[in-house]
Amino acid sequence: MQNTLKPVVVRNVTIGEGAPKICVPLVGETMEQLKEEANFLTSQDFDVIEWRVDFYEHVEDIEKVKEALAEIRLILPSQPIVFTFRSAKEGGEKEVSTAYYVELNQAIAATGQVDIVDAELFTGDAEVKAIIEEAHKHHVYVIISNHDFDKTPSKEEIISRLRKAQELGGDIPKLAAMPQSVSDVLMLMEATHIMKEEYADRPIITMSMAGKGVISRIAGELFGSALTFGSAKKASAPGQVPVEELRSVLNTLHKHM
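Residues numbered from 1 in each chain as written. Predicted model: local features only at pLDDT ≥ 70, side-chain atom pairs only at ≥ 80, totals over all residues. Heavy atoms only, no water.

The protein chain appears in an unreviewed UniProt entry as 3-dehydroquinate dehydratase from Paenibacillus polygoni. Checking UniProt for the protein chain, the heading Sequence similarities (unreviewed entry) contains the comment "Belongs to the type-I 3-dehydroquinase family." Listed under Catalytic activity (unreviewed entry) in UniProt, the entry text for the protein chain is "3-dehydroquinate = 3-dehydroshikimate + H2O". (UniProt positions renumbered as here; feature names shortened; annotations may be inferred.)

Shown next, in the form of structure tokens:
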């Protein structure tokens, strides 16, 4: 039985309809680097920006994070922004306390200057719910994410994690995993397809990382992943395809489907 999938609309971008949307990372460590990257993005073809704030040197100072966000917004006033602190245990640059992680996400959601925040599934159910509640209060969506940089979980486990993210109230469940073999890539794509056809009532994002997994980043429309990550100035994860190549391939696949 296929569920009716309700897309997520951020600004003028509809995630969960048509070709997968392209998200590009912002990974500057200093305010100057962030401004330079944001200016570079004004000439690129993408749909959504993910600010990977774990790269930012002042990430442990909420006021400085807000100041940097205001500068990014001046340069990129109309693009949807996903605010992401990726923890070291899930492939990010830093580790902070769980309490600070929750506070940071809540404070940034409350500024109204981001459209989506990313909450890691294994932060703790109560903490994830606290982030969702605060974000929704300010009309900000939540991606609930999970990353495995060592391996690909079983098909049942992938589906179970995506379902849990949905049950917790996340607007977009997301899972990324590292393949050890081509079979792992196929398994992730099959799990995504089953999730979309049988359980999902909202957009989902999945990807298999590194070179072997590139097919999962471009074939999302076919098996059910609604957004894909491309690289603009710098990649933020292994296997990201440059945005211009990505757009061209996604358009070709979309045209023939």
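> Looking at this structure, how should I read the packing of helix α5 (residues 155-167) against helix α6 (residues 182-199)?
A packed helix pair is summarised by two numbers, namely the angle formed by the two axes and the spacing between the axes. Packing of α5 against α6 leaves a shortest axis separation of 9 Å and a crossing angle of 45 degrees. Regarding the angle of α5 to α6, the classification is oblique. Note that α5 runs across α6; the crossing there is right-handed. Mapping the contact onto sequence places Lys155, Ile158, Ile159, Leu162, Arg163 and Gln166 in α5 and Met187, Leu188, Glu190, Ala191, Ile194, Met195 and Tyr199 in α6. Among the residues making up the contact of α5 with α6, the classes are represented as 9 nonpolar, 1 polar and 3 charged. (Axes fitted to C-alpha atoms, helices over the stretch in contact; angles between N-to-C directions. Helix = DSSP H or I, 4+ residues; strand = E, 2+ residues; numbered from the N terminus. Parallel < 35°, antiparallel > 145°, perpendicular 65-115°, else oblique. Left-handed = near helix turned anticlockwise from the far one by under 90°. Contact = heavy atoms within 4.5 Å. Nonpolar A, V, L, I, M, F, W, Y, C, P; charged D, E, K, R; others polar.)

> Honestly, the environment of Ile62 in this entry has me stumped. Any pointers?
Residue placement: Ile62 occurs in helix α2 (residues 62-75). Overall, the relative accessible area of 12% leaves Ile62 in the buried class. In this structure, the C-alpha to C-alpha distance between Ile62 and Ala107, residues 45 residues apart in sequence, is 7.6 Å. If we ignore the near neighbours within four places in the chain, the residues touching Ile62 are Tyr100, Glu103, Leu104 and Ala107. (Buried < 20%, exposed > 50% of the residue type's maximum accessible area, 1.4 Å probe, protein only.)

> Any chance you could explain the packing of aromatic side chains here in plain terms?
How two aromatic rings sit relative to each other is set out by the distance from centre to centre and by the angle between their planes. All chains considered together, the criterion is met by 3 aromatic pairs. With a centroid separation of 6.1 Å and 80 degrees between ring planes, the pair formed by Phe85 and Tyr101 is classed as edge-to-face. Of this pair, Phe85 sits in the loop between β5 (81-84) and α3 (98-111) while Tyr101 sits in helix α3, and the two are 16 residues apart along the sequence. No difference in accessibility class separates Phe85 from Tyr101, as the two residues are buried. Through a chain of ring-to-ring contacts, the aromatic side chains of Trp51, Tyr56 and Phe83 assemble into a single cluster. Across the ring face of Tyr199, the terminal group of Arg163 is positioned such that the distance to the ring centre comes to 3.8 Å. (Phe/Tyr/Trp six-rings, centres within 6.5 Å; stacked < 30°, edge-to-face > 60°. Lys NZ or Arg CZ within 6 Å of the ring centre and 35° of its normal.)

> I would appreciate a short explanation of the environment of Asp184 in the present structure.
Among the secondary structure elements, Asp184 is positioned in helix α6. Accessibility expressed as a relative area gives 13% for Asp184, which makes it buried. Sequence-wise, Asp184 and Lys155 are 29 residues apart; in three dimensions their C-alpha atoms are separated by 9.0 Å. Each residue touching Asp184, except ones within four places of it in the same chain, is listed here: Thr152, Met178 and Pro179.

> Please explain helix α9 (residues 243-256) as it appears in this structure.
Three or four residues apart is the spacing at which side chains of an α-helix point the same way, because the helix has 3.6 residues per turn. Between its first and last C-alpha, α9 extends 20 Å over 14 residues, near the 20 Å set by a 1.5 Å rise per residue. All buried positions along α9 are accounted for by Val243, Leu246, Arg247 and Leu250. With its buried residues spanning 95 degrees around the axis, α9 presents them on a single face. Turned more than 90 degrees away from the buried face of α9 sit Glu244, Lys255 and His256, all of them exposed. (Expected span 1.5 Å × (residues − 1). Arc of directions from axis to C-beta.)

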